[in-house]
Every structure is written in structure tokens, then in C-alpha cells.
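A closer look at the structure
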Amino acid sequence: GRGGEWQLTTPPLASCDAGVWERSRVKATLCSILLIVGEAQQEQHHACAHCSLAFFLFYIFLGLAARQKNTTSMASSQELKQRKGDLGVTDLLQGTNMAKEDIKKVADNYVDFFDKSKGNTEEQRKANYETVVNSYYDLATDFYEWGWGLSFHFGTQAKGEPYKQALARHEHYLALKLKLDSTDKVLDAGCGVGGPAREIARFSGCKVVGLNNNQYQVGRAEKHTEREKLTQQVSFVKGNFMAIPFKEAEFDSVYAIEATCHAPDKNGVYSEIFRVLKPGRCFAGYEWCMTDKYNPEDPTHRDIKLGIEEGDGIPDLATTRRVVEALKEVGFEVLDARDLAGESEIPWYAPLDGGWSLQNFRASKLGKWFTHKMVNILEFCRLAPKGTVTTHDFLIKAAESLVAGGKTGTFTPMFFFVARKPLGK
């Protein structure tokens, strides 16, 4: 240490042989002990077991990264393409389409979009929604995969039901409501990295086309789909769901899972879905909404709404009433519309508000605390690009705001609807 600050230099991962990386790993590990324990003391965390566990896991992750990097250096480019698509902790923000030196700037600019002190408004976010949403997912996708999995959504959950099983059931429910079968061609509007598309395709036998305006997520979706050997059944297209790049009446069904909340205008996105859907067939989805309990005059409620918008790349959250109105205004017959949040035996926000969990460690409070410390260390050690901490910070803010929205009942991520395009339209 020098002047009370630790000076740590590590060579770039790409240039490390096993010996050099091993020495750097020891340096990073020693630094992690001091930073984690020091922070714990400062915050008056007295759970020494937690600190020990954090250090132990961090040491393991770095060790695995060393072995993976050493193996990668000997692998051919063809072998690299065939490698598993899973992300390790040291991969966070390493594979995005952004230049590493730009990540910090993109992260800061993204946060500024939601800073009212700088004169930014909902209307400005709507006008720049493509930049807002693309910046968000360029930054957040790796963290989503690391902490959540490949299906970026919530779900109703019964007591004793494993969370991943609950997410799959949530997806199957849409497929059943749409009555999908092997003859159907289906559009997933806002498909993320394709987790639901692959699950619904396997479950129903239909063919799914995933639409996504973020090139990095499209690439991740294609990689995961190739790994799962579903490329004949599931495909992906880069495109804007405000101007869907398909002809009229091309799809037998359309679904959207917690995706069209990113649209700047509900009528705009729903009218495009209406256009590409065959007459007599249905559009179903789960929408992020502010509920009837939301009071725009309540500063606490407004803070919850803004926190969710900032933490999740949303220009402006609509109310449940507005969603139904917009569906009807563009021509849909609304067959069903209800909030499923109250039907879940375990609160939908429980994974974000949980304590210790071996099954879902990364999403637990300890897991989030550990990841926060680890991300700071990785950026400090230059093993993660600058901007990684900023990204993780606004994701933590999102989690806190989502939990607050769930507990107050002012927000739901699962306003469910089924809407039919009339015959002759």
C-alpha cells in the first residue's frame, strides 16, 4: 500500500501464460481479502462466515478463469465457436459490441438519461428510446445471464416449486393460451437471448422467430440456440418492434414476455404486431405496468417508478388500463386481461428480496453483496472494463425499486393479456 491506497497491476488476460496469471491471481486474491474484509468492517458486517465465503468463492472463480484462459489460448478458432455459451464472472462486459474504452462513457450517458437534475424527461427518453434500450442491454445482458439465467422475466411460483421450473411454466402458459402446435409460425416480440423462444418451441413444437433490436443479444441468442441444437426450429432477426421487418399477416401467433414495456408508444408497437398477425389469431403477453394502486402524486410512488425505469431501460411505464386501451385502439379484441401477481403463492419479487440461498445464490442478498464487491475488485484490478461498477449499481437500484413496487402493489411485471385480431382485418 502507498498512502493508504493499494496499488495493484495485473497483465491483460490475453497475454497471460499460466505462471504469470497464477502470480496475478495471488495478488488479486490478497487485494480481495483486504477490500472485502475492510468494507465489511466499515459497514459493521460482523458475519465473518460471509466474508470467508466471499473470499473462497472469489478465489475459485479466479482459478477457474485462469484454467479457462489457459485452455482458450491453446484452442483453435473453430473450437472457440463450439465452446459453451455460458458466462463466467470474469466475462462480464467482455464480449459486448462496444469497445472496452467506450463502456464507461456509455454507462454514464445511460444514467444521465434518467437524471432530472440535468433536464432529462420522459419525453426525451421516448424520443431516444433506441439509444436508451440498446445502451441498457449492451451493458446489462451479461449481468442478466450471470445472475438470472437465459429467461429474462419473472413468473408466478407455487410453494416448493423450483424457480426455473416456475419460469418455464410461465412460458408454457402463454403457449397453451395461444394454442400453439407444430404447424404454427410464431413471433417472439423482444426475445432477449432466446430463453423463452427455445422453451416454447420445445414445449409446443412450433417454429419461433425472435425479434430483437440489440445486436449483442441476437448474437448471444444464436449461440445458445446452436448449443441446444434448435436452429431448425428457432431463429432470430435484428429489428425494431416499432417497425417490424415482416410482411402483413405473416405469423400465426405473436407473444411478448416483459418486452414491449421498452416501446415508447404502446399504440405504435401493438399496431405493428396487429399488422404482422394473421386474422383470427391471437397476441398474448406479460406486460410491465404500474397498477391502479399507483398514485402519481405520491413522491414515493414516483421514485419507485423512476427507479424501475432507470434500472431496466424503460422510457416510461404505462398503467394496466393504458395497456388495455391501446390494444383496443389498434383493433384487437381483448379476450383476457388480468394481473397474475396476486395468483403467485410466493411473491414474484422474492428472488430479488431473498436471503441466503444455495439454489439461487447469485440472486440472494448475500450473492448480490458478494457480486458487488467482486465487480469492484475486478474493475479495480483491470480484469473488468471501466463502467462495470456503474452498470451493476443501476441494476441493484432496479432490484430495490422492483421489490418496493411489488411490496406496495404499485407495480406488476405480469399483467397478462390475450388479444385477438378480428377476421377480415
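Attention here is on the structure that accompanies the text. Quick caveat, the model's predicted, so the values are computed rather than measured.

Let us now look at the pairing of strand β5 (residues 282-290). Burial analysis of β5 places nine of its nine residues in the buried class, which makes it a mostly covered element. Sheet topology places strand β4 (residues 253-257) next to β5; four bridges connect them, and they run parallel. Across the sheet, A256 pairs through a bridge with G285, a residue of β5. In terms of strand pairing, β5 meets strand β7 (residues 411-420) through eight bridges, oriented antiparallel. In the strand pairing of β7, Y286 is matched with F416.

The biggest cluster of nonpolar side chains holds 44 residues, and the ones touching the most others in it are F154, Y255, W288, I308, W348, L402 and F411. It is β5 that provides the largest number of residues to this core, a total of five residues. Ignoring sequence-local partners within four residues, the contact set of I308 consists of W288, I314, L317, S401, L402 and F411. Ranked by size, the runner-up nonpolar core spans 28 residues in total, among them V254, V269, A326 and F417.

Turning next to the environment of R338. Relative to the helices and strands, R338 is located in strand β6 (residues 333-339). Sequence separation between R338 and Y286 is 52 residues, and the spatial gap between their C-alpha atoms is 9.7 Å. Among the polar contacts listed, one links the side chain of R338 to the side chain of Y173, at a separation of 2.6 Å. A polar atom in the side chain of R338 sits 3.1 Å from the side chain of D336.

Counted residue by residue, helix α10 (residues 266-276) has nine buried out of eleven residues, so it is predominantly covered. Among all positions in α10, only K266, N267, G268, V269, Y270, E272, I273, F274 and V276 are buried. Of the surrounding elements, those touching the buried residues of α10 are β1 (185-189), β4, β5, α12 (320-329) and β7.

Tracing the chain through its elements places V234 in strand β3 (residues 234-238). According to the relative accessible area criterion, V234 is buried, its value standing at 3%. Separated by 48 residues in the primary sequence, V234 and V186 place their C-alpha atoms 9.7 Å from one another. Non-local contacts of V234, meaning those with residues more than four positions away in its chain, are made with A197, R198, A201, V208 and T225.

The next point concerns the packing of α10 against α12. Running from N to C, α10 and α12 cross one another at 45 degrees; their axes reach a closest spacing of 9 Å. One element, α10, and the other, α12, form an angle in the oblique class. Crossing hand, α10 versus α12: right-handed. Here α10 contributes K266, N267 and Y270 to the contact with α12, which in turn contributes R322, V323, A326, L327 and E329. When the residues that make up the contact of α10 with α12 are grouped by side-chain class, the tally is four nonpolar, one polar and three charged.

The backbone of A249 sits at a positive phi, close to 55 degrees, despite the residue not being glycine. Examined against the element boundaries, A249 turns out to sit in the loop between β3 and β4.

The description of an aromatic ring pair uses the distance of the two centres, along with the angle that the planes make with each other. As enumerated under the stated definition, the model contains 13 aromatic pairs in all. Geometrically, the ring pair formed by F154 and W288 is tilted, given 6.3 Å between the ring centres and 40 degrees between the ring planes. Pair noted here: F154 is in the loop between α6 (129-147) and α7 (163-177) and W288 is in strand β5, with a separation of 134 residues, a long-range link. Their ring planes at 65 degrees and their centres at 5.8 Å tell us that W348 and F411 sit as a pair that is edge-to-face. Separated by 63 residues along the polypeptide, W348 in the loop between β6 and α13 (350-353) and F411 in strand β7 bring together distant segments of the chain. Both residues of the pair, W348 and F411, belong to the buried class.

Once that is clear, we can look at the environment of A158. With respect to the helices, strands and loops of the structure, A158 is situated in the loop between α6 and α7. Remark: the alpha-carbon pair of A158 and I346, spanning 188 residues in sequence, is separated by 6.1 Å. Apart from the residues lying within four places of it in its own chain, the contact partners of A158 are R169, E345 and I346.

What counts and what doesn't
- Residues numbered from 1 in each chain as written.
- Predicted model: local features only at pLDDT ≥ 70, side-chain atom pairs only at ≥ 80, totals over all residues.
- Heavy atoms only, no water.
- Buried < 20%, exposed > 50% of the residue type's maximum accessible area, 1.4 Å probe, protein only.
- Helix = DSSP H or I, 4+ residues; strand = E, 2+ residues; numbered from the N terminus.
- Pairing = 2+ DSSP bridges.
- Core = buried A, V, L, I, M, F, W, Y, C linked by side-chain atoms within 4.5 Å.
- Contact = heavy atoms within 4.5 Å.
- Polar contact = N/O pair within 3.5 Å; in protein donor to acceptor, adjacent residues only side chain to side chain.
- Axes fitted to C-alpha atoms, helices over the stretch in contact; angles between N-to-C directions.
- Parallel < 35°, antiparallel > 145°, perpendicular 65-115°, else oblique.
- Left-handed = near helix turned anticlockwise from the far one by under 90°.
- Nonpolar A, V, L, I, M, F, W, Y, C, P; charged D, E, K, R; others polar.
- Phe/Tyr/Trp six-rings, centres within 6.5 Å; stacked < 30°, edge-to-face > 60°.

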